[in-house]
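Chain by chain, the residues run as shown.
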Amino acid sequence: MRQFLFSTLKILISAALLYLALRKANLSNLASRIDIASLGWIALAIAVTFLQIFVGVLRWREISDVCGAPLGTRQAMRYNLIGTFFNQTLPSSIGGDAVRLWLVARGGAGWRAATYSIFVDRAIGLIALAILIVASLPWSYNLITDAAGRSALLLIDLLALAGGLGFLVLGRLRWPWLKRWWGTHHVHACAVIANRVIFSRQHGPIIAAASLLVHVLTVIIAWCVVQSIAAPVSFGQVFQLLPPVMLITMLPISIAGWGLREATMGLAFGYAGLMTNEGVNISLLFGAVSFIVGAFGGLVWIFSDEKAAQGISPIKVPE
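Residue numbering note: each chain is counted from 1, following its sequence as written. Selection of residues for local features in this predicted model requires a pLDDT of at least 70, selection of side-chain atom pairs for listing and counting requires 80 or more, and totals for whole chains, interfaces and linings are taken over all residues. The side-chain figures draw on all heavy atoms in the structure; neither hydrogens nor water molecules are used.

Visitor: Looking at this model, I keep getting lost on the overall build of the protein chain. Mind explaining?
Guide: When its secondary structure is counted, the protein chain shows 15 helices and zero strands. Here the term buried applies to any residue with accessible area under 20% of the maximum for its type, exposed to any over 50%, and partly exposed to those in between, with areas from a 1.4 Å probe on protein chains only. The buried share of the protein chain, taken over its 319 residues, is 49%. Per element, the accessible surface of the protein chain, about 15,400 Å² overall, is 70% carbon and sulfur. Segments assigned H or I by DSSP are reported as helices when at least four residues long, segments assigned E as strands when at least two residues long, and all are numbered from the N terminus. Here the accessible surface of atoms and residues is derived via Shrake-Rupley with a 1.4 Å probe, and residues count as covered only by protein chains that are part of the display.

Visitor: It is not clear to me how the packing of helix 13 (residues 260-271) against helix 14 (residues 276-302) should be interpreted in this structure. Could you clarify?
Guide: The relative placement of two packed helices comes down to the angle between their axes together with the axis-to-axis distance. Interaxial distance between helix 13 and helix 14 falls to 7 Å at its minimum, and their mutual angle equals 145 degrees. Two packed elements cross with a definite hand, and for helix 13 against helix 14 that hand is right-handed. Only T276, E278, G279, V280, I282, S283, L284, F286 and G287 of helix 14 make contact with helix 13, whose side of the interface consists of R261, E262, M265, G266, F269 and G270. Residues of the contact of helix 13 with helix 14, tallied by class, amount to six nonpolar, six polar and three charged. Whenever a helix is involved, its axis is fitted only over the stretch in contact; in every case the axis is a line through C-alpha atoms, and angles between N-to-C directions fall within 0 to 180 degrees. What makes a crossing left-handed is the near helix being turned counterclockwise from the far one by less than a right angle; a clockwise turn instead makes it right-handed. Contacts: residue pairs with any heavy atoms within 4.5 Å of one another. When residues are sorted by character, Ala, Val, Leu, Ile, Met, Phe, Trp, Tyr, Cys and Pro go into the nonpolar class, Asp, Glu, Lys and Arg into the charged class, and all the rest, Gly among them, into the polar class.

Visitor: I tried to follow unusual backbone geometry on my own but got confused; where do I start?
Guide: At A230, a position not held by glycine, the phi torsion is positive, near 50 degrees. Of note, A230 is situated in the loop between helix 11 (204-228) and helix 12 (235-249).

Visitor: Which parts of the structure should I look at to understand the environment of A109?
Guide: Mapped onto the elements, A109 comes out in helix 5 (residues 95-109). A residue is classified by how much of its surface remains accessible, and A109, at 28% relative accessible area, is partly exposed. Considering only alpha carbons, one finds A109 and S64, 45 residues apart in sequence, at a separation of 9.6 Å. Not counting residues up to four positions away in its chain, the partners in contact with A109 are A69 and V104.

Visitor: Is there a simple way to explain helix 8 (residues 147-172) in this structure?
Guide: Residues three or four positions apart in an α-helix share a direction because the helix packs 3.6 residues into each turn. By this rule the span expected of a helix is its residue count minus one, scaled by 1.5 Å. Over its 26 residues, helix 8 runs 37 Å from end to end, which matches the ideal 38 Å to within 8%, given 1.5 Å per residue. For helix 8, the full list of buried residues reads G149, L153, I156, D157, A160, G164, F167, L168, L170 and G171. For helix 8, the elements touching its buried residues are helix 6 (111-135), helix 7 (137-143), helix 9 (176-180), helix 10 (185-198), helix 12 and helix 13. Residues adjacent in sequence count toward polar contacts only when both atoms are side-chain atoms; beyond that, a polar contact is any pair of N or O atoms within 3.5 Å, and within protein one must be able to donate a hydrogen and the other to accept it. At the N-terminal boundary of helix 8, the capping side chain belongs to D146, with an oxygen 2.9 Å from the backbone nitrogen of A148.

Visitor: Where do I start with the packing of helix 6 against helix 12 in this structure?
Guide: Running from N to C, helix 6 and helix 12 point in directions that differ by 145 degrees, and their axes come no closer than 10 Å. As helix 6 runs across helix 12, the sense of the crossing is left-handed. Together, L126, L129, L132 and I133 of helix 6 and F239, P243, P244, M246 and L247 of helix 12 make up the contact between the two elements. Its residues assigned to classes, the contact of helix 6 with helix 12 shows nine nonpolar, no polar and no charged.

Visitor: Any chance you could explain the pattern of salt bridges here in plain terms?
Guide: Side-chain pairs of opposite charge can arise where the charged atoms are in close proximity. For this analysis, a salt bridge means a side-chain nitrogen from Lys or Arg found within 4 Å of a carboxyl oxygen belonging to Asp or Glu. A complete count under the given rule lists six salt bridges for this structure. Here R33 and E278 are joined by a salt bridge, their closest N and O atoms 3.0 Å apart. One end of the pair, R33, is in the loop between helix 2 (27-32) and helix 3 (36-67); the other, E278, is in helix 14, with 245 residues separating them in the sequence. Under the relative-accessibility criterion, E278 is labelled buried at 5%. Between D121 and R59 there is a salt bridge; the shortest N-O distance is 2.8 Å. Placement of D121 in helix 6 and of R59 in helix 3 is noted, with a sequence separation of 62 residues between them.

Visitor: What am I meant to see in the side chain of D97 here?
Guide: Mapped onto the elements, D97 comes out in helix 5. A polar atom in the side chain of D97 sits 2.9 Å from the side chain of R100. When neighbours within four sequence positions are excluded, D97 is seen to be in contact with N87, I118 and R122.

And the structure:
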């Protein structure tokens, strides 16, 4: 019942935010701007999304190896594709992580190793995003002229960076109670692993490059969407506005980020002195690209051995 209520609440939040965002959009105008050339740009965005998933695989494979849950490239790619499908169907934008965890654990790695690999992978991705946002802050601060927008951007940057650095510092602490107390035991273990892989000569360069490239590819996907409707937005503006939006979209309060992403994108464009409706349009098409890729991941899941073995019983992840 509790899970049902949470899911219902997230659906309502997505619907409410999407409704508020779509009030600022002209869908008929958006549809009229879609032509053959637009479809080419959308196809390119889809191709870049698959490349982004593969780059994420390279990072996850390095992390999983250290966590004691080694994955082959093809296996990890298949799991990530399946995860994209469940990201579109489960509450929040991280629903696919739970399914990836289940797949890795059922593959023989065990629940602890699988959980650590997913958690550390997600944490390192967030740290890389925070670093990217902070690095672009001088340009973003100049782009956003609204005082409230600047304050919101600065707050998001500081919270993201503080959270990432705090997580890494936690892994450096050697206080015995961190390993014994149930509230910190697993988080501390994950922080130790994160430090080990980030600052490793063997794994660190690959993980750093892959983590930053994943977020740069997100910007490129959005840029392809911009080009598909000839929106009056430069690549630099997309690069400065999109990362903070994606960070907010990761909050588990909506379905696949729908509604939250559109509302935040429209707000960010407004703060930057750009047309709010263009921000909503770009967000809608960006979400459509993710949905198409997720549908492909659904086909991978339907024809997977794991789906056949699961049968009709539900996927359950231990709490």
